Amino acid sequence: MKNLLLIGLASLTLTTDLYAKQADDWEVTSSEKQFDNTSELVYKTTFVPPQEPSETSKNGVAATSQAKQTSEARKLDFRPEAKNANSNFWIYDAWVEFYGDEDSDGYFSHFSVGLDADTYFSEAQVYARLYLGKDEVFKEYHTTSTFTIYGDSSADYLVVESELLTGFTSDDYEVLIELYDEYTNELVAVIDGYNDGDLYLLPLESNNYEEVYEEPNVIIVTEHGGSIGWGILCLLPLLFRKNG
């Protein structure tokens, strides 16, 4: 009896843990574009298995790149700081664009983030981690493939277009971007809503909150009646008799 009770409690605990894990999950699809190269769609959740980084062309993102993913997307409850920010690497600018609002509630599930990173060197290979934050908690929604930046050129910017599928309630979010050196995996630059107002107070929601209500088709039937209509019907026999 005691063993059965322990098994029951263990099962209940496991079920609770799984439910909590699923309730805190989030899912996102993204693609990257640099110069004229656009990557394939990358599907990322908090439980994506690790993938081998693909080769990157000298001109930017490989056409079939898969993001440099970790086994789990990161979740931060603090704002990271780059130890050597503004020395060899920095993020010159970042911006956000929104696409469509299916339920017209002012919150978007489809958007893009542009990133212009610069370096002291003539060229360098880097990758970035992108987060969405609310109440000082940041969820990583995309990790880019390796891309090349050229000095302080403004033409080497990277655009990450994403669609939030689940896990993001309708609210104002903040984008936080970490830039890493590809060779050392060192965090070399950070930008967020504190540094750039374009990354702050972004009206977003995941697609499962895009609720579109269709108005039912209503057929209106108009009936004509009253004393005039009945009067005409009563006169019809008299008219037929007279004509006969």
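Residues numbered from 1 in each chain as written. Predicted model: local features only at pLDDT ≥ 70, side-chain atom pairs only at ≥ 80, totals over all residues. Heavy atoms only, no water.

Focus: the packing of aromatic side chains
Next up, step 1: As enumerated under the stated definition, the model contains 8 aromatic pairs in all.
Next up, step 2: Between Y127 and Y180, the aromatic rings sit 5.2 Å apart at their centres with planes inclined by 10°, giving stacked as the arrangement. Separated by 53 residues along the polypeptide, Y127 in strand β7 (residues 124-134) and Y180 in strand β11 (residues 171-181) bring together distant segments of the chain. As far as the burial class goes, Y127 and Y180 line up, both buried.
Next up, step 3: Here the basic side chain of R79 rests over the ring of Y194, its NZ or CZ set 3.7 Å away from the ring centre.
Next up, step 4: Just above the ring of Y180 sits the side chain of R129; from NZ or CZ to the centre is 5.7 Å. (Phe/Tyr/Trp six-rings, centres within 6.5 Å; stacked < 30°, edge-to-face > 60°. Helix = DSSP H or I, 4+ residues; strand = E, 2+ residues; numbered from the N terminus. Buried < 20%, exposed > 50% of the residue type's maximum accessible area, 1.4 Å probe, protein only. Lys NZ or Arg CZ within 6 Å of the ring centre and 35° of its normal.)

Details of the side chain of K44
Next up, step 1: Following the sequence through the fold, K44 ends up in strand β3 (residues 42-45).
Next up, step 2: Among the residues examined, K44 registers a relative accessible area of 2% and is labelled buried.
Next up, step 3: A distance of 2.8 Å separates the side chain of K44 from the side chain of E140, its partner in a polar contact.
Next up, step 4: Of note is the side chain of K44, whose polar atom sits 2.9 Å from the side chain of T143. (Polar contact = N/O pair within 3.5 Å; in protein donor to acceptor, adjacent residues only side chain to side chain.)

Regarding the environment of E40
Next up, step 1: Relative to the assigned elements, E40 resides in the loop between β2 (37-38) and β3.
Next up, step 2: Accessibility expressed as a relative area gives 40% for E40, which makes it partly exposed.
Next up, step 3: Here the alpha-carbon distance between E40 and S30, two residues 10 residues apart in the chain, equals 8.5 Å.

Let's talk about the environment of S39
Next up, step 1: By the secondary structure assignment, S39 is in the loop between β2 and β3.
Next up, step 2: Residues S39 and S145, 106 residues apart in the sequence, show an inter-C-alpha distance of 9.1 Å.

Re the confidence of the model for the chain
Should pLDDT be low for a region, the predicted coordinates there are not to be read in detail.
Next up, step 1: Looking at the chain as a whole, the pLDDT averages 79, with 66% of positions reaching at least 70.
Next up, step 2: Across residues 48-58 the pLDDT falls below 50, and counting only partners more than four positions away or on other chains, this stretch makes 25 contacts in the model.
Next up, step 3: Note that pLDDT drops below 50 for residues 63-67; the model gives that stretch 24 contacts with residues more than four away or on any other chain. (pLDDT = per-residue confidence, 0-100. Contact = heavy atoms within 4.5 Å.)

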